[in-house]
Amino acid sequence: MTQRFTRNELVARLVRAGELEVSGEDPAEAATYFDTEKFRFHGPDGVESDFAGLNDYFASVREAFDERSIRRGIVVAEGDQLACQTWIEGTFVREFTQSPAGPLPPNGKRIVFDLINIFRFDDRGRLIEEWVRTDNRSLLRQLVGCRF
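Keep in mind the model is a prediction, meaning the values are calculated, not measured.

Each value, and the rule that gives it
Residues numbered from 1 in each chain as written. Predicted model: local features only at pLDDT ≥ 70, side-chain atom pairs only at ≥ 80, totals over all residues. Heavy atoms only, no water. Pairing = 2+ DSSP bridges. Helix = DSSP H or I, 4+ residues; strand = E, 2+ residues; numbered from the N terminus. Contact = heavy atoms within 4.5 Å. Axes fitted to C-alpha atoms, helices over the stretch in contact; angles between N-to-C directions. Expected span 1.5 Å × (residues − 1). Buried < 20%, exposed > 50% of the residue type's maximum accessible area, 1.4 Å probe, protein only. Polar contact = N/O pair within 3.5 Å; in protein donor to acceptor, adjacent residues only side chain to side chain. Phe/Tyr/Trp six-rings, centres within 6.5 Å; stacked < 30°, edge-to-face > 60°.

Q: Would you take a moment to explain the sheet that holds strand 4 (residues 81–92) for this structure?
A: Within a sheet, each strand pairs with its neighbour through backbone hydrogen bonds, oriented either parallel or antiparallel. One open sheet accounts for 6 strands, arranged 2-1-6-5-4-3; its pairing is mixed. This sheet does not close on itself; its edge strands, each paired only once, are strand 2 (48–49) and strand 3 (65–78). By the bridge criterion, 2 bridges tie strand 1 (residues 40–42) to strand 2 in an arrangement that is antiparallel. What sits directly across from His 42, in strand 2, is Glu 48. Along the sheet, helix 1 (residues 7–23) contacts strand 3, strand 4, strand 5 (110–121) and strand 6 (127–134); its crossing angle with strand 3, the most-contacted strand, is approximately 160°. Contacting strand 1, strand 2, strand 3, strand 4, strand 5 and strand 6, helix 3 (residues 51–64) runs over the sheet at an angle of about 135° to strand 3.

Below you can see the structure in the form of structure tokens.
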């Protein structure tokens, strides 16, 4: 039987999945929000990954940034797809190994990842695809503390 989720249910699942990835509090629960075999990530500058790669990325975020948080903004839903604004914040206190420019030393500042996401869910309410767009130049300005 195909299970269909309401817009509000998909939004709630998306919010919880993001909270778990950013906090790292319960990896087993986080995995339940994804089709871990089929999930595909399409990021800025041609970055492509699977579920393991997404987990590796968030592990590097958790390692580099303290006092992390995630917020979702405007959400637009169409069938099994959601588009939204996302802000991930944290204080940059240890090396960030997966910055757009490679490993970077900490600067002690509050950093805001300002993202636009599109997500696709399967009929079981699991995330199977994500597209992310962000202004890497703006992010790098925050990370290295200069204007270029």
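Q: Mind showing me how you'd approach helix 3 here?
A: Owing to its 3.6 residues per turn, the α-helix aligns residues three or four sequence positions apart on the same side. In this model, helix 3 (14 residues) spans 20 Å end to end at C-alpha, consistent with the 20 Å of a helix rising 1.5 Å per residue. Considered for burial, the residues of helix 3 that qualify are Phe 51, Leu 54, Phe 58, Ser 60, Val 61 and Ala 64. The opening residue of helix 3, the one whose side-chain oxygen lies 3.3 Å from the backbone nitrogen of Ala 52, is Asp 50.

Q: What is the right way to look at the pairing of strand 5 in this model?
A: Looking along a regular strand, one sees side chains alternate from face to face of the sheet. Burial along strand 5 is one-sided: Ile 111, Phe 113, Leu 115, Asn 117, Phe 119 and Phe 121 are buried, and none of Arg 110, Val 112, Asp 114, Ile 116, Ile 118 and Arg 120, which face the opposite way, are. Direction of pairing for strand 4 relative to strand 5: antiparallel, over a ladder of 11 bridges. Following the sheet pairing, Trp 87 is matched in strand 5 by Asp 114. As paired strands, strand 5 and strand 6 are joined by 7 bridges and run antiparallel to one another. Residue pairing in the sheet places Ile 118 in a bridge with Trp 131 of strand 6. Linking two consecutive strands that pair antiparallel, namely strand 5 and strand 6, is a turn of 5 residues; a positive phi of about 75° is found at Gly 125 within it.

Q: Before we go on, may I ask you to explain the packing of aromatic side chains in this structure?
A: The description of an aromatic ring pair uses the distance of the two centres, along with the angle that the planes make with each other. Inspection of the entire model under this criterion finds 9 aromatic pairs. Ring centres 5.0 Å apart and planes at 25° place the aromatic pair Phe 65 and Phe 92 in the stacked group. Residue Phe 65 is located in strand 3, and its partner Phe 92 is located in strand 4; the two are separated by 27 residues in the primary sequence. Judged by its relative accessible area of 1%, Phe 65 falls in the buried class. Judged by relative accessible area, which is 0%, Phe 92 ranks as buried. Their ring planes at 75° and their centres at 5.2 Å tell us that Phe 65 and Phe 96 sit as a pair that is edge-to-face. Residue Phe 65 is located in strand 3, and its partner Phe 96 is located in the loop between strand 4 and strand 5; the two are separated by 31 residues in the primary sequence.

Shape descriptors only; they carry no functional weight alone.
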